[in-house]
Structure formats: C-alpha cells, structure tokens
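Below are the chains, spelled out letter by letter.
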Amino acid sequence: MVLRVVQLKGDLEALEMEKKQQPITAGLRMFHPTDEELITFYIASKVFNGTFCAVHIAEVDLNRCESWELPDVAKMGEREWYFFSLRDRKYPTGLRTNRATGAGYWKATEKDREVYSSTSVGGAGYWKATEKDREVYSSTSVGGGGGSSTNGGALLGMKKTLVFYKGRAPRREKTKWVMHEYRLDGDFARTKSF
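The structure reproduced in this document is the subject of the present report. (Residues numbered from 1 in each chain as written. Predicted model: local features only at pLDDT ≥ 70, side-chain atom pairs only at ≥ 80, totals over all residues. Heavy atoms only, no water.)

A few words on the overall build of the protein. Secondary structure assignment for the protein yields three helices and 10 strands. The secondary structure elements of the protein, listed N-terminal to C-terminal, are β-α-α-β-α-β-β-β-β-β-β-β-β. Within the protein, buried positions represent 42% of all 194 residues. Within the protein, counting contacts between residues at least 6 apart in sequence, those at least 24 apart form 65% of the total. (Helix = DSSP H or I, 4+ residues; strand = E, 2+ residues; numbered from the N terminus. Buried < 20%, exposed > 50% of the residue type's maximum accessible area, 1.4 Å probe, protein only. Contact = heavy atoms within 4.5 Å.)

Bringing the nonpolar core into the picture now. A general tendency of soluble globular proteins is for nonpolar side chains to be buried together. Residues Leu3, Leu38, Ile39, Tyr42, Ile57, Phe84 and Tyr182 are the most contacted members of the largest nonpolar core, which totals 18 residues. Mapped onto this core, the elements with two or more residues apiece are β1 (2-8), α2 (35-48), β3 (80-85) and β10 (171-184). When residues of this core are assigned to their parent elements, the largest contribution, five residues, is made by α2. When near neighbours in sequence (up to four residues on either side) are disregarded, Leu3 contacts Leu38, Ile43, Ile57, Phe83, Phe84, His180, Glu181 and Tyr182. Residues Cys65, Leu70, Ala74 and Phe164 belong to the second largest nonpolar core, which totals 14 residues. (Core = buried A, V, L, I, M, F, W, Y, C linked by side-chain atoms within 4.5 Å.)

Attention now moves to the pattern of salt bridges. Scanning the model with the defined rule gives seven salt bridges in all. Arg64 is paired through a salt bridge with Asp61; the nearest N and O atoms lie 3.3 Å apart. A relative accessible area of 35% means that Asp61 is categorised as partly exposed. The structure contains a network of salt bridges with shared partners spanning Asp112, Lys160 and Arg183. (Salt bridge = Lys/Arg side-chain N within 4 Å of Asp/Glu carboxyl O.)

This brings us to the side chain of Thr175. Structurally, Thr175 can be placed in strand β10. Under the relative-accessibility criterion, Thr175 is labelled buried at 16%. Within the structure, the side chain of Thr175 is placed 2.6 Å from the backbone oxygen of Phe164, a separation counted as a polar contact. Looking at Thr175, its side chain comes within polar contact range of the main-chain nitrogen of Trp177, at 3.3 Å. Once residues lying within four places of it in the same chain are set aside, the contact partners of Thr175 are Val163, Phe164 and Lys166. (Polar contact = N/O pair within 3.5 Å; in protein donor to acceptor, adjacent residues only side chain to side chain.)

Each neighbour pair has its own omega, and for Ala169 with Pro170 the value is 0 degrees, a cis peptide bond. Within the secondary structure layout, Pro170 lies in the loop between β9 (154-168) and β10.

So, about the pairing of strand β5 (residues 113-116). Burial along β5 is two-sided: the face carrying Arg113 and Val115 and the face carrying Glu114 and Tyr116 are both buried. Pairing analysis gives four bridges linking β5 to β9, with the strands arranged antiparallel. Paired with Val115 across the strands is Gly157, a residue of β9. (Pairing = 2+ DSSP bridges.)

Printed below as a string of structure tokens:
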C-alpha cells in the first residue's frame with residue numbers, strides 16, 4: 001500500500017494571489033500533513049489496521065484513472081489531492097511498478113528519498129538536505145535496532161516524485177501534474193506496534 005499526493009503545478013504567483021484573496025472561515029483548518037505524518041499515521045494505520053478509514057484520503061487505482069480525472073475522485077482539495085493506492089506490478093513475476101494509464105504514464109523524476117522523523121532522541125531534530133535519497137527516521141528505534149541518520153532516528157519510509165506524461169515515448173508531452181509517492185520502509189515497515 002502506498003500513499004500518493006497528486007498536485008497540479010501551475011503559475012505559483014497566481015496560486016499565491018488566489019490564496020490571499022480567499023477569505024478564511026473561522027475554524028477552517030487546511031489538510032497539509034508533513035512527510036513524517038503521512039508515513040507514520042496515515043500509511044502505517046492503513047497497512048497495519050485494515051479497518052482504518054482516513055476521512056480526507058480516497059482509495060483509487062491510479063492505473064485506471066487519468067491525472068485530470070483525479071480531482072473528481074478525491075474527497076477534498078483544490079490543487080493537491082491525497083490517495084491510497086496499491087502498487088501494480090508491470091510484470092506478474094517482476095519487481096517493476098506499473099505506472100501507465102490509458103492516455104500516458106507517470107515517470108519518476110529522481111531517486112527515492114528516505115524520510116526520517118523530525119526529532120532525534122536527544123530533543124529537537126532537523127531535516128538535512130542531500131543530493132541523493134532523503135530518509136525518514138523515528139525518534140525512537142522501532143522494532144529494535146534500526147538504522148540511524150545524522151539526526152539519530154530510525155528510517156520510516158521512502159518518497160518518490162513522479163511527473164505525468166501524455167502519450168508514449170518518444171512522442172510524449174510533459175504535463176503539470178506531479179505526484180509524490182510515499183511508502184513504508186526500514187524497521188518501521190516491519191512492526192505493527194507504533
């Protein structure tokens with residue numbers, strides 16, 4: 001099970017102006033969980049608790065939906081939508097993930113980034129930018145042992161960024177649709193107590 005965040009990237013200045021012009025209703029809270037929250041609460045709860053139902057996150061087969069159809073399937077959101085999705089294999093016996101749809105495909109833009117917790121054992125932690133993958137670690141060692149990072153936490157999961165292309169290679173057209181795919185990894189993925 002993976003959690004996917006789909007965003008429509010456009011004119012960022014126009015988007016910011018649009019946000020400033022919209023009145024904020026009293027008590028309204030925007031749904032913007034951190035990478036750590038997406039992995040530790042939403043994905044882990046969905047994987048380890050079969051009855052878990054996230055109010056803000058729909059389940060969808062992204063191989064059967066085109067990117068522009070996703071806003072209609074989503075439970076909430078205007079330019080950013082959250083979905084649970086099972087990973088589909090390209091070949092029944094292989095490990096490659098199928099990311100093709102009827103009209104195009106999702107292409108990875110970079111290597112997986114590791115996601116670690118934002119706090120270390122000794123107190124407040126920090127995010128360290130790297131050129132490679134970004135790991136997510138927990139402040140406590142989950143499942144005993146566990147990996148370590150510069151901030152002292154355990155690996156929680158991985159994040160992959162993908163872009164949607166219409167058509168097939170070599171006649172393809174890059175779109176403004178971007179997806180961030182999150183999955184459990186490390187000792188956190190092997191434990192059911194969190």
